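Overview (structure and organization)
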Amino acid sequence: MMRSNKSWNNSPRPSSHSSSSGGGGSSGGSFCGYLMDNLPKVVIVAFIFLGALVLILARNRGGTNAILCVESVANQLKRIPYPDLNLNRVSPRVDKGRYSAFNTEKWIIVAALGSPTHELQALAKIEGWQLLAVGGSETSADWKVDGALFLTFDQQAELGYRINAYLPFNSYLRKNAGYLFAIQHGATRIYDADEKATILGGDLGRVFDIELRGPNSRRDLLLQYRTLENRSVVNPFVHFGQRSVWPRGLPLDMVQQISPDVSYTQVFPGHQIIQQGLANGLPDVDSIFYSTRRAEDVAIDIEFDTLAPPVALPHGTMAPCNALNTLFHSAGFWGLLLPVSLTPKAADIVRGYWAQRILWEIGGMMVVYPPTVKRADVAEPSSFVDEADLYKESSRLIKFLVSWRSEKGTLFEKILHLSHEMAEQRFWGAQDVELVAAWLKDLLSVGWRQPQLRAVELGTIPVYSSPDEHKQFMPKAYPSVHLGIEDTTTMGSEFTEFLNLRRFYGNMVLVLECSYPLNHTVLAWRLLYGRLFKHVAVLSQEKEAALGVEATDMWMSYNVLPKIFERYPNAEGFMVMNEAVVFNYWHLTSADKTKLWNLHAKETWKTASFNDESSAWYLSKGHKNGVKKLVSRLPVEYRTNYRTVMDDDHFMVSSSKVYYVPRRYIDDFSTLAGLAGKQKLNSALALPLFFVAMENPESFDTYAFNNTRSLSESEVKEGPALIYTPNWHIMYPWKASSEFELYRIIKAMSAGDPSLSEILDSS
């Protein structure tokens, strides 16, 4: 069972027995005195009598029926009462205290059980957020942090919340009162915080999605774990680079599951109601990890991949969620409640699993984000006993929650229904069922309104999913800690170099053009480049939904790029490349991402004459007329740029297999692509025209692609592997026509990027 043996409310209660007064010693009084003096013997005799009665019933009425009858009576005695949830009798609660006129939308809630910390002082200074510190019975009444509101133990009692009757006197679980206070005073977002953590960059909006709607909300699709058969829980630490570290609350049978997901689905943003952040330094690990991985005098200091994208959990899949670094949006405020019958180390984790299950009923999702805080390891003892219930019951709890269903008609009714069934399954105590009922009434009394139910059947695709979007992302393998010794599977210099690559390419989108028919190499390219780029979009002549491949006319693939641009409005730029290009990406981190990139090799750019009547395909009348029409219809600013480079008698042809368009030219490119698409102009004619119409070639980046190698037909036949060197920026063509050829390409590239050996080892 997950219930703690500890009793939180140990204050003495008045006796229900009054002393006898008056003399005379009546027979009734004598009997009562005898009964009280011999109560243990009476109880024993009563049990013997009941045992004899069972035997008599078993003999006269059939043993099985009699025993079942007794068991039925016992079960009835153990059943947990179902609270009355009559919300019609709940009246609004008005705060008449010193903060009655205070109202704001964004709150940070912490427990103030000790002296103010430097971290708390920093939290109070975060712009746009109000820090609320909730005291315990032993917290000094003069506790103070500039900029913070402080609720003393007595002030909490004066608020009159129903839940106060259930809260322990001096525990972080008193944050429950703080949550209600914030909601009552205008909260629309609540950040559940650790008083000993430092916000990275001093800005919660740097990583978290503070806005779910409006111009400041996320527009990029969110990565989401795939729904896999027999997988109901994941370790998100793996996604963020730490394969041998696990969070508190993860079932121990999942610790060995260290293989990363490399293929994900994607979902539209706006439903990430609960957002769990990670912590660098000392993450929220359990006592087993802490006691077995920490050397005596060496603090744990773990780093996660700050550039890895957030990852959403599909309905039917869960992950541990704590009360140390979690953002709740208004629609999920019901999920803030911390149970009181569990040990403190188990309470927030059980709350997290409970909240995730109810979240599915309103169509919401939990998303795990890169590190948002830094927590120092101060060598505080971590108790296995306090977490023992998690080790024993977390697997059973998750299995129960995923299979749980309810026909109740409102969100509050479903919450109470689940809470009651969890108590009957002994995941928490009867006291928590009463607490939940009180909490729901308190929520209503402070002005919070329950959202409508929007659940979908588990296993089906929610309306906000993007089923045609596939994303390959290869999580890093960061150094982790084993008894104070760093993992040597990733060398320090290689690790640093890879971080630099991720910083450079991490907000760029790669568009890869692949010829049809497709094969398994598409996934390999996603794996290779997905480690670096924000997203890898794949284009081909035919659509392959299973591989995430979009269909387009490859001879004018530019026509589909504006749609891809729209999907990633926050991307720094877009690189378009043919699959036969071997891209030595480690060389381009000195390039200017705000400028256009194109090949400098003379053989890829040709100037042709409209008067030339030879047999080259681009000299046909149709192609030349297409170029003339496009030039004549260019808006004046583009035509002016174009005419500074090209006169009326000539045009350009490019066989370039790779180019880059930065964010500031996206609108220009889209406009030109729309005009060229109407003329059905071949990419080899359209792209050079686009580039010189957008910008004078003298303003192109002079470094990117200035060291390239184009192979001749004889060199391709001889074998590109014999010619390749990692010193070039790119080499082409070298196509992965088979799995073996793909292996040779990656093997060759590993000379420039040693981290590729990890992919080779896993293939």
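Bear in mind that the values here come from a model prediction, so they are computed numbers and not experimental data.

1. Quick look at the overall build of the protein chain
Scanning the protein chain for helices and strands turns up 22 helices and 24 strands. Looking at the 763 residues of the protein chain, the share that counts as buried comes to 53%. Carbon and sulfur atoms form 52% of the exposed surface of the protein chain, whose accessible area is close to 34,800 Å².

2. Description of the pairing of strand β3 (residues 148-151)
Look at any regular strand and the pattern is simple: side chains alternate between the two faces of the sheet. Here β3 shows a buried face lined by A148 and F150 and a second buried face lined by L149 and L151. Across four bridges, the pairing between strand β2 (residues 130-135) and β3 is parallel. Among the inter-strand pairings, V134 is bridged to a residue of β3, identified as L151.

3. Focus: the confidence of the model for the protein chain
In the predicted model, the protein chain carries a mean pLDDT of 84, and the fraction of residues at 70 or more is 82%. Within the model, pLDDT remains below 50 along residues 2-36, and this stretch shows 28 contacts once partners closer than five positions in the same chain are excluded. For the stretch residues 483-491, pLDDT sits under 50, and the model shows 16 contacts to residues farther than four places along the chain or on other chains.

4. Structural notes on the packing of helix α17 (residues 636-643) against helix α19 (residues 683-694)
The interhelical angle for the contact between α17 and α19, taken along N-to-C directions, is 100 degrees, at an axis separation of 7 Å. Classified by the interaxial angle, the pair formed by α17 and α19 is roughly perpendicular. On the side of α17, the interface is formed by E637, Y638, N641 and Y642, while α19 contributes L689, V692, A693 and M694. The class makeup of the residues in the contact of α17 with α19 is six nonpolar, one polar and one charged.

5. Notes on helix α12 (residues 430-445)
Since the α-helix packs 3.6 residues into each turn, any two residues three or four apart lie on the same face. Along its 16 residues, α12 runs 23 Å from first to last C-alpha, staying within 8% of the 22 Å computed at 1.5 Å per residue. The element α12 is largely enclosed, with a buried count of twelve among its 16 residues. Among the residues of α12, D432, V433, L435, V436, A437, A438, W439, L440, K441, D442, L443 and S445 are the ones counted as buried. Those residues of α12 hidden inside the fold are in contact with α6 (175-184) and α11 (411-424). Where α12 terminates, the next one or two residues include G447, which has phi positive at roughly 100 degrees.

6. Remarks on the pattern of salt bridges
In the structure shown here, the tally under the stated rule is 25 salt bridges. Between D192 and R351 there is a salt bridge; the shortest N-O distance is 2.9 Å. Residue D192 is found in strand β4 (residues 189-193), and its partner R351 is found in helix α9 (residues 344-359); the two are separated by 159 residues along the sequence. The exposure class assigned to D192 is buried, which follows from its relative accessible area of 0%.

7. Some words on the sheet that holds strand β24 (residues 730-732)
Strands sit in the order β19-β24-β23 across an open sheet of three strands; the sheet is mixed. For this open sheet the edge positions go to β19 (582-583) and β23 (708-710), each flanked by a neighbour on one side alone. Pairing geometry for β23 and β24, over three bridges, is parallel. Along β24, the bridge assignment pairs R709 with M731.

8. Section: unusual backbone geometry
Note on backbone geometry: most residues besides glycine have negative phi, and most peptide bonds are trans. The linkage connecting Y732 with the following residue, P733, adopts the cis geometry, with an omega of -10 degrees. Inspection of the secondary structure assignment puts P733 in the loop between β24 and α21 (739-749). With phi around 65 degrees, R426 is a residue other than glycine that occupies positive phi space. Looking at where R426 falls in the secondary structure, it is placed in the loop between α11 and α12.

9. Here we look at the pairing of strand β16 (residues 535-540)
Counting buried residues in β16 gives six out of six residues, a clear majority hidden from the surface. Burial along β16 is two-sided: H535, A537 and L539 facing one way and V536, V538 and S540 facing the other are all buried. Where strand β15 (residues 508-513) and β16 come together, five bridges link them in parallel fashion. When the bridges of β16 are listed, E513 appears paired with L539. Inspection of the sheet shows β16 paired to strand β17 (residues 549-551) by three bridges, in the parallel sense. Within β17, the residue paired with S540 across the bridge is A551.

10. What to know about the nonpolar core
I190, W334 and M422 are the most contacted members of the largest nonpolar core, which totals 102 residues. By residue number, the principal contributor to this core is α9, which donates nine residues.

What counts, and where the lines are drawn
- Residues numbered from 1 in each chain as written.
- Predicted model: local features only at pLDDT ≥ 70, side-chain atom pairs only at ≥ 80, totals over all residues.
- Heavy atoms only, no water.
- Helix = DSSP H or I, 4+ residues; strand = E, 2+ residues; numbered from the N terminus.
- Buried < 20%, exposed > 50% of the residue type's maximum accessible area, 1.4 Å probe, protein only.
- Areas by Shrake-Rupley, 256 points an atom, 1.4 Å probe, with all protein chains shown as cover.
- Pairing = 2+ DSSP bridges.
- pLDDT = per-residue confidence, 0-100.
- Contact = heavy atoms within 4.5 Å.
- Axes fitted to C-alpha atoms, helices over the stretch in contact; angles between N-to-C directions.
- Parallel < 35°, antiparallel > 145°, perpendicular 65-115°, else oblique.
- Nonpolar A, V, L, I, M, F, W, Y, C, P; charged D, E, K, R; others polar.
- Expected span 1.5 Å × (residues − 1).
- Salt bridge = Lys/Arg side-chain N within 4 Å of Asp/Glu carboxyl O.
- Core = buried A, V, L, I, M, F, W, Y, C linked by side-chain atoms within 4.5 Å.

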